[in-house]
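The chain contents come next:
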Amino acid sequence: MNATYQSYRPINCEFHDLLEDLATARRLTRIAYLDDAGTMRRGDGVITDVYARQGEEFLSMDSGETIRLDRLVEVHGQTLASFGDADGCAL
């Protein structure tokens, strides 16, 4: 199944908090994520916003790019997998 059509899976609240902290601090951040085709992408940028829309969560980068949070693999040296399963963060 193409990554574009997979249902959103909420991420761990602690990882979500890390994203919000980085957005607030406007820190240059290295990000690795899976694009719509499931290809690993990496880059550096500033997270400008973390938000929810239609039951899914996203982050915006200073480049104008938007990334769905459950497609993140690593942010600022922290892997999403190392934070464990979602623990009930409310959208």
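Higher on the page you've got the structure.
Attention here is on the structure that accompanies the text. Everything quoted here is computed from the prediction, not taken from an experiment.

Overview of the overall build of the protein chain
Move 1: Scanning the protein chain from N- to C-terminus turns up 1 helix and 6 strands.
Move 2: Tracing the protein chain from N to C terminus, the helices and strands come up as α-β-β-β-β-β-β.
Move 3: For the protein chain, buried positions account for 37% of its 91 residues.
Move 4: For the protein chain, contacts bridging at least 24 residues in sequence account for 57% of all contacts bridging at least 6.
Move 5: As presented, the protein chain carries roughly 5,500 Å² of accessible surface, and 45% of it is formed by carbon and sulfur atoms.

Structural notes on the nonpolar core
Move 1: Ranked by size, the top nonpolar core spans 18 residues in total, and within it Leu19, Ile47, Leu59 and Leu72 carry the most contacts.
Move 2: Listing elements by their share of this core, those giving two or more residues are α1 (13-25), β1 (28-34), β2 (40-53), β3 (56-61) and β5 (72-75).
Move 3: Top element by residues in this core is α1. It accounts for 5 residues.
Move 4: Once residues lying within four places of it in the same chain are set aside, the contact partners of Ile47 are Leu19, Leu22, Ala23, Arg26, Ile31, Leu59, Ser60, Met61 and Val75.

Focus: unusual backbone geometry
Move 1: Of note in the backbone geometry, Arg26 takes a positive phi value of approximately 55 degrees without being a glycine.
Move 2: Checked against the element boundaries, Arg26 lands in the loop between α1 and β1.
Move 3: Given the relative accessible area of 48%, Arg26 is considered partly exposed.
Move 4: Phi at His76 is positive, roughly 55 degrees, even though this residue is not glycine.
Move 5: Within the secondary structure layout, His76 lies in the loop between β5 and β6 (78-79).
Move 6: His76 gets classed as partly exposed once you look at its relative accessible area, which sits at 30%.

Details of the pairing of β3
Move 1: Counting buried residues in β3 gives 5 out of 6 residues, a clear majority hidden from the surface.
Move 2: Between β2 and the antiparallel strand that follows it, β3, lie 2 residues; Gln54 among them carries a positive phi value of about 50 degrees.
Move 3: Turn length for the β3-strand β4 (residues 66-68) hairpin, with the two strands adjacent in sequence and antiparallel, is 4 residues, and the turn residue Gly64 shows positive phi of about 95 degrees.

A short note on the packing of aromatic side chains
Move 1: One pass over the structure, following the stated rule, counts 1 aromatic pair.
Move 2: Seen from their ring centres, Tyr51 and Phe58 are 5.7 Å apart, and the 25 degrees between their planes marks the pair as stacked.
Move 3: The ring of Phe58 carries the charged tip of Arg53 above its face, separated from the ring centre by 4.6 Å.

About the cut-offs
- Just so you know, the residues in each chain are numbered from 1, in the order the chain's sequence is written.
- Where local features are concerned, this predicted model is filtered to residues with pLDDT of at least 70; where side-chain atom pairs are given and counted, the filter is 80 or more; whole-chain, interface and lining totals use all residues.
- Hydrogens and water molecules were not included; the side-chain quantities draw on all heavy atoms of the structure.
- Labels follow the DSSP assignment, with helices taken as runs of H or I lasting at least four residues and strands as runs of E lasting at least two, numbered in each case from the N terminus.
- Note on exposure labels: buried denotes an accessible area under 20% of the residue type's maximum, exposed denotes more than 50%, and partly exposed covers the range between, all computed with a 1.4 Å probe on protein chains only.
- Here a residue-residue contact requires only that any non-hydrogen atoms of the pair lie within 4.5 Å.
- Accessible surface is estimated by sampling points in the Shrake-Rupley manner with a 1.4 Å probe; for residues, cover comes only from the protein chains shown.
- Working definition of a nonpolar core: buried Ala, Val, Leu, Ile, Met, Phe, Trp, Tyr and Cys residues. They are joined through side-chain atoms within 4.5 Å.
- Two strands are counted as paired when DSSP detects at least two bridges linking them.
- Each pair of aromatic rings taken from Phe, Tyr and Trp, with Trp reduced to its six-membered ring, is defined by centres within 6.5 Å and is described as stacked if the planes are under 30 degrees apart, edge-to-face if over 60, and tilted in the remaining cases.
- Criterion for a charge above a ring: Lys NZ or Arg CZ within 6 Å of the ring centre, and within 35 degrees of the ring normal.

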